[in-house]
Amino acid sequence: MRVNPTPAVLLILWINMAQLGGQEEKEKTTALKDLLSRIDLDELMKKDEPPLNFPKTLEEFEYAFNDQGQLRHIKTGEPFVFNYREDLHRWNQKRYEALGEIITQYVYELLEKECNMTKKILPVDATEDEPKSFIYLSKDALTNPDKLLVLIQGSGVVRAGQWARRLIINEDMNSGSQIPFITRAMEEGYGVIVLNPNENYMEVEKPPKPSPPQPSPDGSDEPAEKRERRDDKEPKKKRDFYEKYRNPQKEKETEQIPIRENGSPEEHAIYVWDNFVSKSAAKNVFFVAHSYGGLSFVELMIQREIEVKSRVCAVALTDSVHNVWHQEAGKSILEWMQERCCNWVSSAEPLDTPVETMLPDCPRVSAGTERHELTSWKSFHSIFKFFDDSLLAQDCDAKPSATVTTRSSNRNKHEEF
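Everything quoted here is computed from the prediction, not taken from an experiment.

Conventions used here
Residues numbered from 1 in each chain as written. Predicted model: local features only at pLDDT ≥ 70, side-chain atom pairs only at ≥ 80, totals over all residues. Heavy atoms only, no water. 1 Å grid on protein atoms, 1.4 Å probe; cavity = no way out; pocket = protein on both sides within 12 Å on 5 of 7 lines; lining within 4 Å. Points joined across faces, edges and corners; volume = space filled by probe spheres on them. Helix = DSSP H or I, 4+ residues; strand = E, 2+ residues; numbered from the N terminus. Pairing = 2+ DSSP bridges. Axes fitted to C-alpha atoms, helices over the stretch in contact; angles between N-to-C directions. Salt bridge = Lys/Arg side-chain N within 4 Å of Asp/Glu carboxyl O. Buried < 20%, exposed > 50% of the residue type's maximum accessible area, 1.4 Å probe, protein only. Parallel < 35°, antiparallel > 145°, perpendicular 65-115°, else oblique. Left-handed = near helix turned anticlockwise from the far one by under 90°. Contact = heavy atoms within 4.5 Å. Nonpolar A, V, L, I, M, F, W, Y, C, P; charged D, E, K, R; others polar. Core = buried A, V, L, I, M, F, W, Y, C linked by side-chain atoms within 4.5 Å.

Novice: Any details on empty space enclosed by the protein? Residues and values, ideally.
Specialist: For the structure shown, the criterion picks out two cavities of 30 Å³ or more. Put simply, the second largest cavity is a space of about 30 Å³. Taken together, Val-150, Ile-152, Leu-195, Ala-269, Val-272, Trp-273, Val-277, Phe-287 and Leu-300 make up the lining of the second largest cavity. Those elements giving two or more residues to the lining of the second largest cavity turn out to be strand 5 (147-152) and helix 10 (265-275). Broken down by element, the residue count for the lining of the second largest cavity peaks at three residues, all from helix 10.

Novice: Can you break down the sheet that holds strand 5 residue by residue, with the values?
Specialist: Strands sit in the order 3-4-6-5-9-10-11-12 across an open sheet of eight strands; the sheet is mixed. Looking along the sheet, the strands with just one partner apiece sit at the ends: strand 3 (118-122) and strand 12 (364-366). Direction aside, the axes of adjacent strands within the sheet are offset by 20° on average. Bridge analysis of strand 9 (residues 284-290) against strand 10 (residues 312-318) gives six bridges, and the strand direction is parallel.

Novice: Give a detailed account of unusual backbone geometry, specifying residues and quantitative values.
Specialist: Look at the link from Leu-122 to Pro-123: it is a cis peptide, with omega at -10°. Here Pro-123 is to be found in the loop between strand 3 and strand 4 (133-137). Even without glycine at this site, Glu-62 takes up a positive phi of about 65°. Here Glu-62 lies in the loop between helix 3 (58-61) and strand 1 (63-65). Even without being glycine, Glu-261 reaches a positive phi, approximately 60°. For Glu-261, the position within the fold is in the loop between strand 8 (254-258) and helix 10.

Novice: Describe the environment of Gln-394, naming the residues involved and giving the relevant values.
Specialist: Within the element layout of this structure, Gln-394 appears in helix 15 (residues 380-398). Along the backbone, Gln-394 and Asn-284 are 110 residues apart, and their C-alpha atoms lie at a distance of 9.6 Å.

Novice: So what about the pattern of salt bridges? Which residues, and what values?
Specialist: Applying the stated criterion across every chain, the model contains 15 salt bridges. Residues Glu-199 and Arg-159 are paired through a salt bridge, measuring 2.8 Å at the closest nitrogen-oxygen approach. With Glu-199 in the loop between strand 6 (190-194) and strand 7 (201-205) and Arg-159 in the loop between strand 5 and helix 5 (165-170), this residue pair connects regions lying 40 residues apart in the sequence. The residue Arg-184 makes a salt bridge to Glu-188 at a minimum N-O spacing of 2.8 Å. On the basis of relative accessible area, Glu-188 is assigned to the partly exposed category, the value being 29%.

Novice: Give me the lowdown on the packing of helix 10 against helix 11 (residues 292-303), citing residues and values where you can.
Specialist: A pair of packed helices can be characterised by two numbers: the angle between their axes and the separation between those axes. Where helix 10 contacts helix 11, the two axes come as close as 9 Å, and the packing angle between them is 55°. It follows from the interaxial angle that helix 10 and helix 11 lie oblique. For helix 10 against helix 11, the interelement crossing comes out right-handed. Two secondary-structure elements touch here, helix 10 through Pro-265, Glu-266, Ala-269, Ile-270 and Trp-273 and helix 11 through Tyr-292, Leu-295, Ser-296, Glu-299, Leu-300 and Gln-303. Its residues placed into classes, the contact of helix 10 with helix 11 shows seven nonpolar, two polar and two charged.

Novice: Give me the lowdown on helix 7 (residues 179-187), citing residues and values where you can.
Specialist: Along helix 7, the positions that sit buried rather than exposed are Ile-179, Pro-180, Phe-181, Ile-182, Arg-184 and Ala-185. Following helix 7 by one or two positions, Gly-189 has its phi on the positive side, about 90°.

Novice: Explain the nonpolar core to me, and be specific about the residues and the numbers.
Specialist: Among the nonpolar cores identified, the biggest contains 51 residues, and Leu-149, Val-288 and Phe-387 are the most heavily contacted of them. Apart from residues no more than four positions distant in its own chain, Phe-387 is found in contact with Leu-149, Tyr-190, Phe-286, Phe-287, Val-288, Ala-314, Val-315 and Ala-316.

Novice: If you had to explain the layout of surface pockets to someone new, which residues and values would you point to?
Specialist: Each pocket or cavity is described by its volume, and for the largest pocket that value is around 1200 Å³. Considering the residues around the largest pocket, the lining is formed by 32 residues, among which Glu-97, Ala-98, Glu-101, Glu-203 and Thr-254 are closest to the centre. Counting residues per element, the ones that place at least two in the lining of the largest pocket are helix 4 (89-113), strand 4 and strand 7. It is helix 4 that contributes the most residues to the lining of the largest pocket, eight residues altogether. Split by residue class, the lining of the largest pocket holds 11 nonpolar, eight polar and 13 charged.

Shown next as structure tokens:
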């Protein structure tokens, strides 16, 4: 005779089955979490990427600059492609950086061959073995009795002769490099000094650390009981899966050795002033300083106020990030900056339109672009006009009987752009 289960028995069976099902799901979830915890996604991506070995020249990259100064592929004529390999951002970034280093060397060659500039090693009394930097000088940088132009770029990867590496690669050489400023300055009778404020240290490879002892393939250095437990939990197939991601591409470990008296952009600007600009013959010194370069100039002003005031005729800042409050610039510096400086800032307004500011340091006008890195190039012609007007005003100040034009009237004229 068959006995039908009571509702109470069915309920108990259902609860037990549910608990067993829940336990199984819990075990699956735990196993999945354990699997994910063993896989470092960043390391996984490194493991699957191609080797980090890139060409050493533009020709090997199969790129060249055309007659318009644009970087183009020598076979397809296409601009540079960042996403050369899909879903490999780190590898693409490393490839971009490798090209950037080639661009830096290419610009150095242009400074030397096309602009006829000379590399000067820093510190000036450097020993053979110590870390070194350098700047570029025109042939008459120290002997030109009339005018000297000093160029300071912003922070980051850019080196001497560059405003923005990104522009050189993706736009053209004119917008991203300082070469148009150098060429025009030379044509108009300036000596030129090109600073290199981001070359602050020498990078050397660290010696490899001794490798820890490795277990034998069969794990014979483990106690047998421990090895058996591990084998039970991690079958060989699973261990092999994990091992695939344990040895990704390793980058060289390096350390940075600062360059004496040039360990920061601010130190570099002061060092070049003390050893070159202040010793130059030029009666009138002019600066173009972009972004962090403006901060470096203000720091130079604070540290060498009397000397700067006696030599500098005008300063063109382009989207400068200086802050006179944080840098504790005094009243006398602020008054001088009102008279001698102008900051072309990123703005949607037309070029040279006055831009309001809460800071009492210097007039601000629009660079005619909202792109920070383009501000130097977009204000190129306005900057040289500003220098011409400043020089004219200074000559007029020296001869007040010849004309009624003053520096303040010149500044007002620029504020009315």
